[in-house]
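What the coordinates show
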Amino acid sequence: MQADVFAQDVCYLKGVGPNRAALLQKLGIETVGDLIEAYPRDYQDWSHPVSITAAPIDEPCCVRATVIAPAEERLLSGGRRLYTVLATDGQVNLRLTFFNARYTAAQLQRGRDYLFYGKLGAGFTLREMVAPQFAPAQTPPALHPVYPLTAGLSNKVMTGLVKNALARCDRPLADPLPDAVRRQYGLCELDRAVETIHFPPTAQAAQEARRRLIFDELLTLQLGLARLKNRSRGVTDVVITRDRTPDFFARLPFAPTGAQRRVIREALTDMQSGVPMNRLVQGDVGSGKTAVAAALCHTVALNGWQCAVMAPTEILATQHYETFSRLFAGTGLRVALLTGSQTKKQKQAVLADLAAGAVHVVVGTHALLQETVRFYALGLVVTDEQHRFGVGQRAALLKKGSAPHMLVMSATPIPRTLALIIYGDLDLSVIDELPPGRQTVATYAVDSSYHERVYAFIRKHVAAGRQAYIVCPLVEEGDEPSDLTAATQYAETLQTEAFPNCRVALLHGKMPAAQKEQVMGAFAAGQIDILVATTVIEVGVDVPNAVLMVVENAERFGLSQLHQLRGRVGRGQYPSTCILISDHQGETNRKRLNVLCQTADGFRIADEDLKLRGPGDFFGARQHGLPRLKLADLLTDTETLRQTARAAADLLQTDPTLSRPEHAGLAAAVKRMLHRAYTA
Ligand code: ADP
Ligand code: MG
């Protein structure tokens with residue numbers, strides 16, 4: 001019953017027409033359930049109203065006052081109407097003003113007491129509140145919800161809609177949590193939690209409700225992840241008996257580092273065991289993860305099994321394809337590329353070869369996930385920069401084989417405890433050593449008065465045969481503020497004004513894939529001197545002759561993202577430089593950029609980023625391919641995480657498939673979560 005109402009389109013709700021439905025959709029709210037789960041991001045405290053005299057200036061507060069003069073209308077220029085109402089606390093008067101809100105203002109009656117919520121301004125002669133919210137003073141004092149909003153949708157409307165949504169459900173709401181679990185962990189009932197988180201009588205009640213709902217969220221997450229991971233402890237036919245890495249090492253243009261050798265050995269040991277490998281390889285930018293993947297694919301393929309390597313962008317997939325093709329030349333192994341932008345004919349040829357076993361290693365993008373992709377004998381799945389993929393996407397690729405091995409590679413450092421939650425029984429290998437002779441990239445943070453000097457510096461390096469990147473924040477995405485450098489226009493200006501004698505080209509995410517590849521290819525081949533780019537180059541791109549990374553509006557990027565960008569240079573034998581340009585004067589911004597100037601250690605940078613930005617953002621679920629969490633925070637809700645881990649383990653022990661009737665609600669929640677993870 002409840003599930004039905006929850007799944008109903010919001011447009012069937014009282015108060016929601018096509019316009020509001022569109023606004024709600026902007027907030028990600030499509031169903032009645034979404035609306036009920038649009039929890040307040042904060043509360044207004046109406047529980048301790050003060051007198052006008054005692055109210056603070058310019059801070060949100062709740063004031064109690066008596067209306068002494070009803071609404072007075074004034075016509076303003078432009079046809080706007082201003083309504084003013086006068087109230088008093090007996091000592092001081094308060095003017096309340098409302099624009100174009102005749103109905104609202106008319107609700108205030110002379111001689112009655114009200115609570116007004118808003119910011120108090122100190123006018124010349126009297127105090128004033130512009131467009132306050134209000135309620136009759138005899139309404140019980142409480143906390144009022146503050147919802148995430150979008151232009152055209154007020155908090156008041158949102159509050160009303162949530163009330164309507166709750167009224168539409170059969171109450172009490174069916175509780176998915178078995179009573180025993182609820183009691184064991186001292187949690188309130190779902191119905192109470194949902195009602196209270198929207199309309200809490202006290203701050204403590206709100207806290208209790210939050211705890212219950214966070215518990216639900218994390219329990220569902222852990223049950224869902226457990227389901228995805230279940231496969232790992234089976235057996236597999238993919239047993240790699242012959243280690244061919246010595247042959248592969250002989251083909252490499254460099255000697256592998258000790259860390260690379262160790263990680264390869266760890267993975268090979270897994271793949272010899274008869275149990276499917278589940279291994280995460282973490283290595284900072286430039287630590288040489290590609291060579292590790294290639295070594296493993298080489299051995300697996302020579303043992304008669306196919307390999308699939310999935311990368312998050314076409315540029316990166318193409319680049320890996322080229323690297324693999326080069327390294328495998330003469331081995332008899334065939335490498336193929338599969339991306340969304342290939343012609344139908346190209347794709348069909350690859351698909352046929354894959355199904356027939358004529359291709360040994362396929363490198364591709366999300367295109368690999370399509371139903372039409374079938375393997376002859378899939379033995380190893382590698383996902384590069386795994387945080388870009390959803391948990392469900394990884395699982396979908398694995399399903400294309402019968403218990404294939406899995407290797408995920410990531411440059412994003414994750415604290416150990418979090419890695420355990422996210423990856424569970426995934427084994428961890430760390431490449432904790434950079435290839436020898438790596439130069440640290442000298443990094444400077446400057447303001448835009450340095451532009452001329454930066455350009456001269458670029459010209460000098462181009463004259464010496466080197467190449468440069470200039471990165472601008474993405475503008476084509478639409479609503480970005482106009483003061484951002486428009487990449488397209490910027491590239492043209494650079495070509496004609498700053499670098500008339502250099503070859504400048506533009507690369508951005510909205511370009512057709514074929515064109516992107518062509519530009520990237522030309523840059524890799526040294527036919528372009530200066531690449532003006534958006535962050536499409538952030539992930540993995542490898543051009544050792546590029547020695548300069550200039551980032552415009554550096555304040556717009558996360559620290560780890562800047563670290564990734566910087567990782568595009570300093571990859572060859574030449575000293576490299578990264579210049580971060582920012583006119584943003586904020587203290588935090590300066591500190592952030594200084595962190596990059598001072599260290600090249602990705603783990604430390606992630607740590608600092610975390611301290612300066614707070615966890616919500618950095619370890620946001622999206623970064624790790626998890627469904628977005630509504631309330632829970634994986635970094636700070638550690639106690640609840642521990643409890644839910646235990647609860648999940650207990651539940652799965654007694655009912656591994658959650659098929660008992662008392663677990664039906666949980667099973668449905670898990671299914672919904674997996675669906676979201678899959679479609680994320
Ligand atoms: P990432 O770990 O960021 O994916 P890559 O695999 O792209 O790093 O490697 C970065 C660069 O280092 C590439 O140019 C690669 O050829 C080179 N490289 C990798 N391993 C070694 C090594 N052991 N010695 C020297 N260069 C190496
Ligand atoms: Mg890489």
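In case you missed it, the structure is sitting above this.
Residues numbered from 1 in each chain as written. Chains lettered and ligands numbered in written order. Predicted model: local features only at pLDDT ≥ 70, side-chain atom pairs only at ≥ 80, totals over all residues. Heavy atoms only, no water.

Description of helix α23 (residues 638–654)
If you check α23, its first and last C-alpha atoms are 25 Å apart, about what 17 residues at 1.5 Å a residue would give, namely 24 Å. Taken together, the buried positions of α23 are Thr640, Leu641, Gln643, Thr644, Ala647, Ala648 and Leu651. Projected down its long axis, α23 shows its buried positions confined to an angular sector of 165°, all on one face. Set apart from the buried face of α23 by more than 90 degrees, the exposed residues are Arg642 and Gln653. (Helix = DSSP H or I, 4+ residues; strand = E, 2+ residues; numbered from the N terminus. Expected span 1.5 Å × (residues − 1). Buried < 20%, exposed > 50% of the residue type's maximum accessible area, 1.4 Å probe, protein only. Arc of directions from axis to C-beta.)

Things to note about the site of ligand 1
In the vicinity of ligand 1 there are 16 residues, among which Gly286, Lys289, Thr290, Arg438 and Asp542 approach most closely. The backbone of glycine 286 places a nitrogen or oxygen atom 2.6 Å from an oxygen atom of ligand 1. Within the side chain of threonine 290, a nitrogen or oxygen atom sits 2.6 Å from an oxygen atom of ligand 1. Of the residues that constitute the shell around ligand 1, the class distribution is five nonpolar, six polar and five charged. (Near = heavy atom within 4 Å. Polar contact = N/O pair within 3.5 Å; in protein donor to acceptor, adjacent residues only side chain to side chain. Nonpolar A, V, L, I, M, F, W, Y, C, P; charged D, E, K, R; others polar.)

Topic: the sheet that holds strand β20 (residues 546–551)
Overall, parallel pairing links the six strands, which are arranged β16-β21-β20-β17-β19-β18 in an open sheet. At either margin of the open sheet sits one strand with a lone partner, and together these are β16 (442–446) and β18 (504–507). Ignoring which end each strand starts from, the neighbouring axes of this sheet average 20° apart. Two elements, strand β17 (residues 467–471) and strand β19 (residues 530–533), share four bridges in a ladder whose sense is parallel. (Pairing = 2+ DSSP bridges. Axes fitted to C-alpha atoms, helices over the stretch in contact; angles between N-to-C directions.)

Considerations on the sheet that holds strand β14 (residues 405–410)
Taken in spatial order, the seven strands of this open sheet run β11-β12-β10-β13-β14-β9-β15, and their pairing is parallel. Since the sheet does not close on itself, it has two edges, and those belong to β11 (335–338) and β15 (427–431), each with one partner. Geometrically, the sheet is characterised by an average inter-axis angle of 20° between neighbouring strands, direction not taken into account. By the bridge criterion, five bridges tie strand β10 (residues 306–310) to strand β13 (residues 378–383) in an arrangement that is parallel. Along β13, the bridge assignment pairs cysteine 307 with leucine 380. Where helix α10 (residues 258–271) meets the sheet, it contacts β9 (278–283), β13, β14 and β15, and its direction lies at approximately 160° from that of β15. In the packing of helix α13 (residues 344–356) onto the sheet, contacts are made with β10, β11 and β12 (361–364), and the angle to β11 comes to roughly 130°. (Contact = heavy atoms within 4.5 Å.)

A word on the packing of α10 against helix α11 (residues 289–302)
Following both chains from N to C, one finds α10 and α11 inclined at 35°, their axes separated by 10 Å at the closest point. Crossing angle aside, the handedness with which α10 passes α11 is right-handed. Where α10 approaches α11, its residues Gln260, Val263, Ile264, Ala267, Leu268 and Met271 are matched on the opposing element by Ala291, Val292, Ala295, Leu296, Thr299 and Val300. Counted by class, the contact of α10 with α11 contains ten nonpolar, two polar and no charged residues. (Left-handed = near helix turned anticlockwise from the far one by under 90°.)

Focus on the packing of α11 against helix α12 (residues 314–328)
Two numbers describe how α11 lies on α12: the axes approach to 11 Å, and their chain directions differ by 55°. When the axis of α11 is compared with that of α12, the two are oblique. In this structure, α11 meets α12 at a crossing whose hand is right-handed. Contact with α11, carried on its side by Thr290, Ala293, Ala294, Cys297 and His298, involves His320, Thr323, Phe324, Leu327 and Phe328 of α12 and no other residues of that element. Split into classes, the residues belonging to the contact of α11 with α12 amount to six nonpolar, four polar and no charged. (Parallel < 35°, antiparallel > 145°, perpendicular 65-115°, else oblique.)

What about the packing of aromatic side chains?
In this description, a pair of aromatic rings is defined by centroid distance and the angle of the planes. Evaluation of the coordinates by the stated rule reveals eleven aromatic pairs. Judged by centre distance (6.2 Å) and plane angle (55°), the rings of phenylalanine 116 and phenylalanine 134 are tilted. Linking phenylalanine 116 in strand β5 (residues 113–122) with phenylalanine 134 in strand β7 (residues 133–136), this pair joins segments that are 18 residues apart in sequence. Taking relative accessible area as the criterion, phenylalanine 116 reaches 0% and is therefore assigned buried. Following the ring pairs from residue to residue traces out a cluster consisting of Phe98, Tyr114, Phe116 and Phe134. Seen from the ring of phenylalanine 199, lysine 163 lies directly overhead, with NZ or CZ sitting 5.1 Å from the centre. (Phe/Tyr/Trp six-rings, centres within 6.5 Å; stacked < 30°, edge-to-face > 60°. Lys NZ or Arg CZ within 6 Å of the ring centre and 35° of its normal.)

Examining the pairing of β17
For β17, the buried fraction is high: five of the five residues fall into the buried class. Along β17, one buried face is formed by Gln467, Tyr469 and Val471 and the opposite face, lined by Ala468 and Ile470, is buried too. Bridge count between β17 and β20: five bridges; the pairing is parallel. Residue pairing for β20: glutamine 467 is matched across the bridge by alanine 546.

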